[in-house]
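# Structural overview for review
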Amino acid sequence: MLSTMRKSAGSWMIKILLGLIVLAFVFTGAGSFYSQRETTVAEVNGEPITIDEYQRTHNNIMQNLEQRFGNQLNQDLLDMLDIRGQALNQLIEKHLLLQVAEQKNLRVPDDALATAIAEIPAFQNNGGFDARRYRQLLEQNRLSPKDFENLHKQTLQTSMIRNLVSGAVPVSEVETRAWHNWQNTEIKIDYAEFSGSDFTEIEVSEEEIREYFDANKEKYRTQPSVQARFLRFDPADFIDEVEISKSEIRDYYQAHQDEFGTPETVTARHILLQVPENAEKDKDSEIRNRAAQIMEKARNGEDFAALAEKHSDGPTAKDGGYLGSFKRDDMVEAFAEAAFSLKPGEISEPVRTRFGWHVIKVEQRQEAEVEPLEKVREKIRTRLAEQKTRTIAYDKAWSLYEISFEGDDLIDNARDLNLNIETTDFFTREKGPADIDAPGTFAETAFDIPLMEISEVKEIGDAYFLIQPIERKEPEIPDLQDIKDRVENDLVRQKQREAAESAAEKFLAKARSADSFDDAAREAGVEIQTTDFFKRNQPVPDIGNSRPVSAAAFSLSPKNPVSESVIKEGGRFFVLHLRGQKVPDEKDFESQQKTAAAQLREQKREQTLNKWIAALRQNSDIEVSDRFSGEFEQKRR
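Residues numbered from 1 in each chain as written. Predicted model: local features only at pLDDT ≥ 70, side-chain atom pairs only at ≥ 80, totals over all residues. Heavy atoms only, no water.

### As for the overall build of the protein chain
If you tally the helices and strands in the protein chain, you get 22 helices and 20 strands. Taken against the 2.2 N^0.38 rule, which gives 26 Å for 637 residues, the C-alpha radius of gyration of the protein chain at 33 Å runs more than 25% over that of a compact globule. When each of the 637 residues of the protein chain is scored for burial, the buried share is 38%. Sequence separation of at least 24 residues holds for 71% of the intrachain contacts in the protein chain that already meet a minimum separation of 6. Surface accessibility of the protein chain: about 38,000 Å² in total, with carbon and sulfur atoms responsible for 46%. Each charge class in the protein chain can be summarised by its mean position, and for the 85 positive and 115 negative side chains these summaries are 4 Å apart. (Helix = DSSP H or I, 4+ residues; strand = E, 2+ residues; numbered from the N terminus. Rg over C-alpha atoms; globule rule 2.2 N^0.38 Å. Buried < 20%, exposed > 50% of the residue type's maximum accessible area, 1.4 Å probe, protein only. Contact = heavy atoms within 4.5 Å. Areas by Shrake-Rupley, 256 points an atom, 1.4 Å probe, with all protein chains shown as cover. Lys, Arg positive; Asp, Glu negative; His and termini not counted. Charge placed at Lys NZ, Arg CZ, Asp CG, Glu CD.)

Encoded structure:
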């Protein structure tokens, strides 16, 4: 029935009926066109976490990681970071905090919300809130203003709860001194390293391979996989269908002048006499008078740079007060207004900002310029062509989607339109298919719709897609013969690690009973490396970021200089010896006491908050959906 209605959707009446049905399904929970999909990932005290919330949070984490790691982001790193677990835990914590906010009747007033949003830099232009930019950015992220404002209100509410819980945490001088010493103590260590890769003569028998496989079968269980067919609509394929008129180029140029110009700038120096923003009136007048005297000296011909070096309190004093070139919105309003009112060579009257009193000298001025249309015509033509090809690609994809419903519709319609339909190999949700720019997004879509149904138009990478999952393979344990090489390699690596650990244990026993670490090493024929001095929060020289090694190293003392046990780090094993130790002196503490106290207070606040949230979780009813928890379990195997 639904397919019949969709095929007839050209009728405005049918469209209205479809809309009413969708609304009814949404609000009654009766289902949707994708009725087989679960819409709830988890429940927190009976409150659902929806799949939409989860996907949005998951995508935000992925975008942050892509910005942070760039091309270094790979599947191994994603597996280690457990993005799915992070997203779910963030949402559980968010719902718990919002529930507490509701219980405590903590509200965010509309004017406070508006102010908070207006202060977000992404929504600002020339130092102020830009409503047009606000709407554009939300549209690009497929959010309505109402949805975004609700999300940001929730963010503010959770921040209020965090601040209430972690509040004012007391920090004493004794605590601060102890923490400062703990953080800044430096040590130097000797270490012997034993690595599995050093043991290359390991051999395993057929019987050992079989026994290892039988004991570790779950390790080799495959992940669910899907095969899909798809149509790709690449905007670049439609470039020959696009024509850009002179009037379109002219209209775009006139509407986007800011893209093709350079703003007005000045190059200036300044002398700053610092005074608190809330200083007493007499003190403020005294500083202003000093600034006026310096201004007179400058106007009477004394070198401005020399005056700045002598009198300025600002960080540019050593450079003669040189600020370089800047735009209006680079500076606070009063400073900018004064600087941009001056001609080259002129010196301002004293100017008051929240930093104090300034005397400004403008050296150069660059008026705002806009590149002529002829110079940017081809750039505009290319941009408009890209926009039009994307529109054409999307429209063609949507037109095909509207006449393709399930089964072989996609193949038949693609054949009729002479379009190339492609079929993937089997792929997992985590890795996605090869030859797709964003395989993870493709895989999420293919796994989230039932077999033989056709996705809506999806923007993936630089193209639009229609995706149809056609076959699914459930998890299974493969036959040994199919993965024998992999099992053998795993067994060999295990035996190598065991050999390395055994050698490390033998040397540790010798080192702890010997008169000296060096003597024990010579007697055992073990090579010893010595690090430079390092602190707790620094990588261990020549070893790298290793919490186990660092923690064991800082547990050593002159009375107990050899590690009590072998330290394991991946496939490497270490025996440590304390070579030297430096403790911070009293002058070092005095100079850093304020900073240390602030850092310790922030650490204690975080600990307080984490303990409170852990207790809140323990006393809450949190249920993860069977499907979602099943996929987590499968991923861990």
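### Details of the packing of aromatic side chains
What the rule picks out here adds up to 21 aromatic pairs. Taken together, the aromatic side chains of F230, F427, F442, F447 and F465 make up a single cluster linked through ring pairs. Positioned above the aromatic ring of F426, the side-chain terminus of K473 is 4.3 Å from the ring centre. (Phe/Tyr/Trp six-rings, centres within 6.5 Å; stacked < 30°, edge-to-face > 60°. Lys NZ or Arg CZ within 6 Å of the ring centre and 35° of its normal.)

### Thoughts on the sheet that holds strand β1 (residues 40–44)
One open sheet accounts for three strands, arranged β2-β1-β20; its pairing is antiparallel. At either margin of the open sheet sits one strand with a lone partner, and together these are β2 (47–50) and β20 (622–624). Averaged over all pairs of adjacent strands, the angle between their axes in this sheet comes to 20 degrees, without regard to strand direction. Seen against the sheet, helix α3 (residues 51–69) touches β1 and β2 and runs at an angle of roughly 50 degrees to β2. (Pairing = 2+ DSSP bridges. Axes fitted to C-alpha atoms, helices over the stretch in contact; angles between N-to-C directions.)

### Section: unusual backbone geometry
You will see that N45, though not glycine, has its phi angle at about 50 degrees, which is positive. With respect to the helices, strands and loops of the structure, N45 is situated in the loop between β1 and β2. Its identity as a non-glycine residue notwithstanding, N105 has a phi of 60 degrees, on the positive side. On the secondary structure map, N105 appears in the loop between α5 (83–103) and α6 (110–118).

### Digging into helix α8 (residues 145–166)
An ideal rise of 1.5 Å per residue puts 32 Å on 22 residues; α8 measures up with 31 Å between its terminal C-alpha atoms. Turning to α8, its buried residues number three or more, namely F148, H152, Q157, T158, I161 and S166. Buried-residue contacts for α8 involve α5, α6, α7 (131–140) and α21 (586–618). In the stretch just after α8, G167 is the one whose phi turns positive, near 25 degrees. (Expected span 1.5 Å × (residues − 1).)

### Describing the packing of α6 against α8
Look at α6 against α8: their axes get within 10 Å of each other, and the N-to-C directions meet at 100 degrees. Judged by the angle between their axes, α6 and α8 are roughly perpendicular. Only F148, E149, H152, K153 and L156 of α8 make contact with α6, whose side of the interface consists of D110, L113, A116 and I117. For the contact of α6 with α8, the per-class residue count stands at five nonpolar, one polar and three charged. (Parallel < 35°, antiparallel > 145°, perpendicular 65-115°, else oblique. Nonpolar A, V, L, I, M, F, W, Y, C, P; charged D, E, K, R; others polar.)

### Considerations on the pairing of β2
Two elements, β1 and β2, share four bridges in a ladder whose sense is antiparallel. From the neighbouring strand, E43 faces β2, where its bridge partner is P48. Taken together, β1 and the strand that follows it, β2, pair antiparallel across an intervening segment of two residues, in which N45 is found at a positive phi of about 50 degrees.

### Observations regarding a negative patch on the surface
On the surface, a cluster of negative charge is made up of E302, D303, E309 and D319. Within the fold, D319 resides in the loop between α13 (304–311) and β9 (322–327). (Patch = residues over 30% accessible without salt bridge, like charges linked within 9 Å, V, L, I, M, F, W, Y side chains within 5 Å. Salt bridge = Lys/Arg side-chain N within 4 Å of Asp/Glu carboxyl O.)

### Details of the sheet that holds strand β8 (residues 265–274)
Taken in spatial order, the four strands make up an open sheet running β9-β8-β11-β10, and their pairing is antiparallel. Both edges of this open sheet fall to β9 and β10 (351–353), since each of them pairs with a single strand only. Ignoring which end each strand starts from, the neighbouring axes of this sheet average 45 degrees apart. Where β10 meets strand β11 (residues 356–366), three bridges bridge the pair, whose relative direction is antiparallel.

### Considering the confidence of the model for the protein chain
Predicted coordinates in areas of low pLDDT are best not read in detail. Chain-level pLDDT for the protein chain is 87 on average; 92% of the residues reach the 70-or-more range. When the criterion is pLDDT under 50, residues 631–637 qualifies, and its contacts beyond four places in sequence or with other chains add up to 17 contacts. (pLDDT = per-residue confidence, 0-100.)

### Considering the packing of helix α9 (residues 173–184) against α21
Helix-helix packing is characterised by the crossing angle of the two axes and by the distance between the axes. Between α9 and α21, whose axes approach to 8 Å, the crossing angle comes to 100 degrees. Here α9 lies roughly perpendicular to α21, going by the angle between them. Here E173, E175, T176, R177, W179 and H180 of α9 lie close against α21, whose contacting residues are E586, D588, F589, Q592, Q593, A596, A597, Q599, L600, Q603 and K604. Looking at the contact of α9 with α21, its residues break down into five nonpolar, six polar and six charged.

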